[in-house]
Every structure is written in C-alpha cells, then in structure tokens.
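A structural walkthrough
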Amino acid sequence: MLIFQKEADLKRHLQMVRDDGKTLGFVPTMGALHKGHLALIDATITQGDYVICSIFVNPVQFNDASDLAYYPRPVEEDIAMLEQAGCDVLLMPSVEEVYPDGLKVGKYYDLGYLETLLEGASRPGHFQGVARVVDRLLDMVQPDNMYIGQKDYQQCMVLKELVKLTGRKVTLHIVATTREADGLAMSSRNRRLTESQRAIAGLVYQCLVSIQAKKGIQDFAIVEKECRELLEQKGLRVDYIQLADAEDLTLLKQYDDHRKVVCLMAVFVGDIRLIDNLIL
Ligand code: AMP
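Here's what I pulled together on the structure shown here. (Residues numbered from 1 in each chain as written. Predicted model: local features only at pLDDT ≥ 70, side-chain atom pairs only at ≥ 80, totals over all residues. Heavy atoms only, no water.)

Section: the overall build of the protein
- Within the protein, the regular secondary structure consists of 11 helices and 10 strands.
- Taking 2.2 N^0.38 as the reference for a compact globule, 280 residues should give roughly 19 Å; the C-alpha atoms of the protein span a radius of gyration of 19 Å, in line with that estimate.
- With respect to the three principal axes, the spread of C-alpha positions in the protein is 60 × 40 × 40 Å.
- Across the 280 residues of the protein, 52% fall into the buried class.
- Sequence separation of 24 or more characterises 71% of the internal contacts of the protein that already satisfy a separation of 6 or more. (Helix = DSSP H or I, 4+ residues; strand = E, 2+ residues; numbered from the N terminus. Rg over C-alpha atoms; globule rule 2.2 N^0.38 Å. Buried < 20%, exposed > 50% of the residue type's maximum accessible area, 1.4 Å probe, protein only. Contact = heavy atoms within 4.5 Å.)

Notes on the site of the ligand
- Lining the immediate environment of the ligand, one finds 16 residues, of which Met30, His37, Asp152, Thr178 and Met186 sit closest.
- Aspartate 152 has a polar side-chain atom sitting 2.6 Å from an oxygen atom of the ligand.
- Among the secondary structure elements, those contributing two or more residues to the shell around the ligand are β2 (24–29), α2 (35–47) and β5 (145–149).
- Here the shell around the ligand gets three residues from one element, more than from any other, and that element is α2.
- By residue class, the composition of the shell around the ligand is seven nonpolar, seven polar and two charged. (Near = heavy atom within 4 Å. Polar contact = N/O pair within 3.5 Å; in protein donor to acceptor, adjacent residues only side chain to side chain. Nonpolar A, V, L, I, M, F, W, Y, C, P; charged D, E, K, R; others polar.)

Brief notes about the pairing of strand β6 (residues 171–175)
- As defined by bridge partners, β5 adjoins β6 across five bridges and the pair is classed as parallel. By the bridge assignment for β6, isoleucine 148 is matched with isoleucine 174.
- Note that the unit made of β5, helix α8 (residues 153–166) and β6 has a crossover that is right-handed. (Pairing = 2+ DSSP bridges. Right-handed = clockwise from strand over helix to strand, strands pointing away.)

As for the packing of helix α1 (residues 7–19) against helix α7 (residues 126–141)
- Put simply, α1 and α7 touch, their axes get as near as 8 Å, and they point 55° apart. The angle between α1 and α7 places the two elements in the oblique class. When α1 is examined against α7, the residues Glu7, Leu10, Lys11, Leu14 and Arg18 are found in contact with a partner set consisting of Arg136, Asp139, Met140 and Val141.
- Among the residues making up the contact of α1 with α7, the classes are represented as four nonpolar, no polar and five charged. (Axes fitted to C-alpha atoms, helices over the stretch in contact; angles between N-to-C directions. Parallel < 35°, antiparallel > 145°, perpendicular 65-115°, else oblique.)

With respect to the nonpolar core
- Ranked by internal contacts, the top residues of the largest apolar core, which has 46 residues, are Leu10, Ile52, Val134, Val141, Met146, Leu249 and Leu264.
- Broken down by element, this core gets its largest block of residues, nine residues, from α7.
- Look past the residues within four positions of methionine 146 in its chain and what remains in contact with it is Phe26, Pro28, Val134, Leu138, Leu159, Val170, Thr171, Leu172 and His173.
- In this structure, Leu193, Phe220, Leu236 and Leu278 belong to the second largest nonpolar core, which totals 27 residues. (Core = buried A, V, L, I, M, F, W, Y, C linked by side-chain atoms within 4.5 Å.)

Points about the pattern of salt bridges
- Enumeration according to the criterion identifies 23 salt bridges in this entry.
- Residue glutamate 7 is joined to lysine 11 by a salt bridge in which the shortest nitrogen-to-oxygen separation is 2.9 Å. With glutamate 7 and lysine 11 both in helix α1 and four residues apart, this pair spans about one turn of that helix.
- Residue classification places glutamate 7 among the buried residues on the basis of a relative accessible area of 17%.
- Overall, the relative accessible area of 32% leaves lysine 11 in the partly exposed class.
- Between arginine 168 and aspartate 135 there is a salt bridge; the shortest N-O distance is 2.7 Å. With arginine 168 in the loop between α8 and β6 and aspartate 135 in helix α7, this residue pair connects regions lying 33 residues apart in the sequence.
- Overlapping salt bridges, with partners in common, bring together Asp67, Arg123, Arg189, Arg192 and Asp271 in one network. (Salt bridge = Lys/Arg side-chain N within 4 Å of Asp/Glu carboxyl O.)

Digging into the pairing of strand β10 (residues 272–279)
- In terms of residue burial, β10 counts as a mostly covered element, since seven of its eight residues are buried.
- Note that strand β9 (residues 261–269) and β10 share eight bridges and pair antiparallel. Residue pairing across strands places leucine 264 opposite asparagine 277, the latter belonging to β10.
- Taking the residues between adjacent antiparallel strands as the criterion, β9 and β10 are bridged by two residues, where glycine 270 takes a positive phi near 60°.

Here it is in structure tokens:
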C-alpha cells in the first residue's frame, strides 16, 4: 500500500492509475478503523476499483472541542488493517494540506433543511464541515465511485446533495451497517465506552428492532415512550428517536405503510454520543 500526504504526489500517482484504465474507488474516513470501515473497502474491491482510503480527522466538522481532542488516532493499527484488507493507497493529509487557506475561509453549501434537523440540530455546523471536507477530498482524489456507510444515514443524504450541488461525476455507494454481536453499530467512538457502558450500548439497536417489530401493531408514540423509558432507566440519555421518510428525510410522527420509513436514533452513553438507524 502506498501512503501519500501531499495532494500533488497523490494526483501524479492516480493519473498513472487512470491511464492504466482502472476505475478509482474512494473511502473517506477519520481513522480508528473497525470492521465497518473494512466493509467499505471490501465493497470497493468487489466493484473492481483501485482502492483509495483517506484518514483525516476533520477539525471543521466537530462542534465539540473535547470530542475532537479525544477522537482516537491509532495510526499504526489503521495502516496495518488497510494493508491486510487490500487497500491500494492511503491518503493521510495534514490539516494545512486540506485547508491551505486556513480553517476559517470556506464555501457555504446550500444543504437545505437536511442541515438543520436531527444531527444538524444537535451539532450546528457539522454538515457544512462534512460537505467541505468531502468536497476537498473529492478534488484531491477525483474518484469514479465513493463508498459511504448507512450508519451515518443523514450524512449519506448530505453527500448525495453535495454531489448534486457540485455536479461531480462520482457515483455514491451506500454500504449496510456492520454491527457487533449484540447489534451495536460499530463506531470509532465505541472504543471510548467503559466496560459497563459497552454492556448497555446494544440497547440502542434493540430499541430500533422493537420499533421495527411494532410497526403496524402499535402507535409509534407509545413505542417511542417505552424505548425512552427503557434507555433512561439504564442511565442512557436520549437525544432523539425519530421516524422519517427514508428517501428525503421528511420527519414523520407515525408509521406510514405508504412510504419507505427509516427510524433514526441518537443516544448519549455517558458523554459519548451514539447514532444508529434502521429502515423499517
Ligand atoms: P468515520 O471514520 O466515522 O468518519 O466513517 C467513515 C465512513 O465509514 C463513513 O462513510 C461511515 O458511514 C462509515 N462507517 C462508520 N461506521 C460504520 C459501520 N458500522 N458500518 C458501515 N459503515 C460505517
């Protein structure tokens, strides 16, 4: 696996790969890799792409300074995992390489209401930061395909919108969420859970499954209240449990058999915020 830190070196190399007739598949990450990230790499390999993964902890998408400060950065482990997974190129740019004009000067992306609800409401500025870094990384890599995780459902929609807004010719592939045995969605932040927090974190997925199972049987308001009570009894703090149209994220108060519906959740375990979702 080749490792690049500089845009110019990366571009020179990727031009040769393109000249060889290969398609480029890109997996952007913030590192602290787990099997969920590797599922994206696998999807890229299955597609037959030349695989480029980036690791960049993007300061402009963190609205909580301590979340950024404590974000895990096990670089050596990450490199070993990517080698093992069959990744061709790892891009690990510095903050200066990604934002040569500084962090403060940035384009505004008109993401519409996607930016103001759910994750957007809880993390102001987050999706502008995501759009900005992905736009910049797409400039650097210019891939044919980009692979992203359903785990970050709203982010997938934001990135679809970004591609539309910028007119880029990249195809997005959304990869299913990889879970632990108890259903907990894999996440870099899970590393920060204590043993006792980890033991109850699987409840988030259990709630999603019960919300799915009670579709058409019980009123959503009742199911939601039961889930909230269960989570709160166990010491978890619910940010939101929300139904939405899976295609455009219109918020829904009730199950709706006439649409594809997704249930999205954000829950604090101690100070660690976990998000997850399930298509019902
Ligand atoms: P992150 O490093 O958290 O920014 O995630 C990088 C990419 O991996 C994003 O497209 C995520 O949606 C995806 N991802 C994170 N966790 C999972 C998971 N458990 N299963 C599948 N994809 C994931």
